[in-house]
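Residues per chain, in single letters:
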Amino acid sequence: MYEKKSGIIKYYFDEWGLNKNIGTFSWLLHRLTGMILALYLFAHIIVVSSGLWGPESFNTWLKVVQTPLTHFLEIFLLACIALHLLNGLRIILTDLLFVTKQHKAIFWVAGAIFVLFMIVTLSVFLPRVFSH
Amino acid sequence: MVEFRVFRFDPEKNKEPEFQSYEFDPYKGMTILEGLYYILENLDSSLAFRSSCREAVCGSCAMHINGIYRLACKTQIEILKSPITIRPLSHLPVIKDLVVDLTPFFNHFKEIKPYLIPKESPPEKEYIQSVKEREKINDWLDCILCGACYGSCPVCAQDDKYLGPHALLKALRFVDDSRDGGAKERIAFVTQNSGVFRCHTIFNCREVCPKDLDPTKAIAKLKLKAVFKKF
Ligand code: SF4
Ligand code: FES
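What you are looking at is a predicted structure, and each value in this text was computed from that prediction instead of being measured.

Asks: Looking at this structure, I do not really get the sheet that holds strand S1 (residues 2-8) of chain B. What am I missing?
Replies: Adjacent strands of a sheet form backbone hydrogen bonds with each other and so pair up, either parallel or antiparallel. All names here are of chain B. The strand order across the open sheet formed by 5 strands is S2-S1-S5-S3-S4, and the pairing between neighbours is mixed. Each edge of the open sheet carries a strand with a single partner, namely strand S2 (18-24) and strand S4 (68-71). On average, each strand axis in the sheet is inclined to that of its neighbour by 35°, with strand direction left out of account. Here strand S3 (residues 62-65) pairs with S4 via 4 bridges, running antiparallel. Counted as the bridge partner of His64 is Tyr69 from S4.

Asks: For this particular structure, what's the right way to read the environment of Pro26 of chain B?
Replies: Residues and elements named next belong to chain B. Looking at where Pro26 falls in the secondary structure, it is placed in the loop between S2 and helix H1 (32-43). Overall, the relative accessible area of 31% leaves Pro26 in the partly exposed class. Taking the C-alpha atoms as reference, Pro26 lies 44 Å from Gly195; in sequence the two are 169 residues apart. Setting aside residues no more than four positions away along its own chain, Pro26 makes contact with Met1, Val2 and Ile77.

Asks: I keep staring at the pairing of S3 of chain B and nothing clicks. Help me out?
Replies: Both faces of the sheet carry side chains from a regular strand, because those side chains alternate between them. All names here are of chain B. With burial as the criterion, each face of S3 is covered, one bearing Ala62 and His64 and the other bearing Met63 and Ile65. For S3 and strand S5 (residues 84-87), the ladder comprises 2 bridges, and the chain directions are antiparallel. Bridge pairing in S5 places His64 opposite Arg87.

Asks: Explain the packing of helix H2 (residues 22-49) of chain A against helix H5 (residues 103-130) of chain A here, please?
Replies: Two quantities define a packed helix pair, namely the angle between the axes and the distance from one axis to the other. Residue and element names in this part refer to chain A. Packing of H2 against H5 leaves a shortest axis separation of 10 Å and a crossing angle of 45°. As judged from the angle between their axes, H2 and H5 are oblique. Taken as a pair, H2 and H5 cross one another with a handedness that is left-handed. Packed against H2, whose contacting residues are Ile22, Phe25 and Ser26, the element H5 presents Lys104, Phe107 and Trp108 at the interface. Looking at the contact of H2 with H5, its residues break down into 4 nonpolar, 1 polar and 1 charged.

Quick notes on the rules
- Sequence positions are assigned chain by chain, starting from 1 and proceeding in written order.
- Ligands are numbered from 1 and chains lettered from A, in the order in which they are written.
- Given that the model is predicted, a residue must reach a pLDDT of at least 70 before its local features are reported, and side-chain atom pairs must reach 80 or more before they are shown or counted; all residues, however, enter totals for whole chains, interfaces and linings.
- The side-chain values count all of the structure's non-hydrogen atoms but skip hydrogen atoms and water molecules.
- A pair of strands counts as paired when DSSP detects no fewer than two bridges linking them.
- Counting from the N terminus, the helices are DSSP H or I runs at least four residues long and the strands are E runs at least two residues long.
- Working convention: axes come from line fits to C-alpha atoms, limited for helices to the stretch in contact. Angles between N-to-C directions cover 0 to 180 degrees.
- Relative accessibility thresholds used throughout: buried, under 20% of the residue-type maximum; exposed, over 50%; partly exposed, between the two (1.4 Å probe, protein chains only).
- Residues are treated as being in contact if the distance between any of their heavy atoms lies within 4.5 Å.
- Small angles under 35 degrees read as roughly parallel and large ones over 145 as roughly antiparallel, with 65 to 115 read as roughly perpendicular and the rest as oblique.
- Crossings are assigned a handedness: left-handed for a near helix turned anticlockwise from the far helix by less than a right angle, right-handed for a clockwise turn.
- Think of it as three bins: nonpolar holds Ala, Val, Leu, Ile, Met, Phe, Trp, Tyr, Cys and Pro, charged holds Asp, Glu, Lys and Arg, and polar takes everything else, Gly as well.

Encoded structure:
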């Protein structure tokens, strides 16, 4: 008998290759943004906890992260948060109201909200990136 | 002319599977299953696949055809673009070519006790079920156990203890049945670690189901019933 054995990365590619649809796409996006947010949390805690060593240390750390690159990454971070949050709401809606039939429509509504959110985000954060 | 690219694996010959191409002239209305039979009879008698009813009732012929899990007997060649790539169901060991070992799939099905459990005080003659009560389970009845949902579910790939969309759908069918007395036990069973809460709401099962059933919805209903203890 033959059993496909694939590592964790290949597993995601395989599943996407065999099920190219909205559901798989949003699940992969949810995973990816979830992992990015978890990693960000560590970075966030490290920077903020520098306050434990007094205001000077906090200020130095804050200066380190106030660069064009980090401002740019902030836009990326907000995009991740929005995607993760909107998809989470979509799943909660499914679980509470059983709107499985409309799941594709809800996906596109969430997509539209995401685009609006990103327009606002970019208009606020892009000037910051270039203000340095 | 149509080209079939078929997944081939012979445990006696190959270590890794490979794809083999076959070309032939389909007639109007020819289904994928008939195409496979044509290959078997005229081009390559070593090809293995399962089928029985050839009319979407028995659930033997589910496979991955051009990007979607579907029944070979319910899919016409005409509607697909050549070359047509055919693979066996995923997440189950391949015995030969398109034939998979469905043991894990059926084991999960048996685990949910797919039969009526008598109530504590059964009626003297028979259980009476009103039309209304019967309508409650209408949406969960028609599963033909083809395995398409199991193959399409990424959770089934990672967790072989996960009950799977087919078993959970069936569980709801019995929980909602007015003649069944095992609702409490059933809900307790499907809320185990590898039960309903393992579902990631990916919707693949409802997308592929050849009977247009909605296991995703069934799982959502079971979740809510479990949380609010309403059954
Ligand atoms: S729920 Fe649908 S896809 Fe799954 S086994 Fe039953 S008929 Fe097949
Ligand atoms: S042969 Fe019975 S479902 Fe296709």
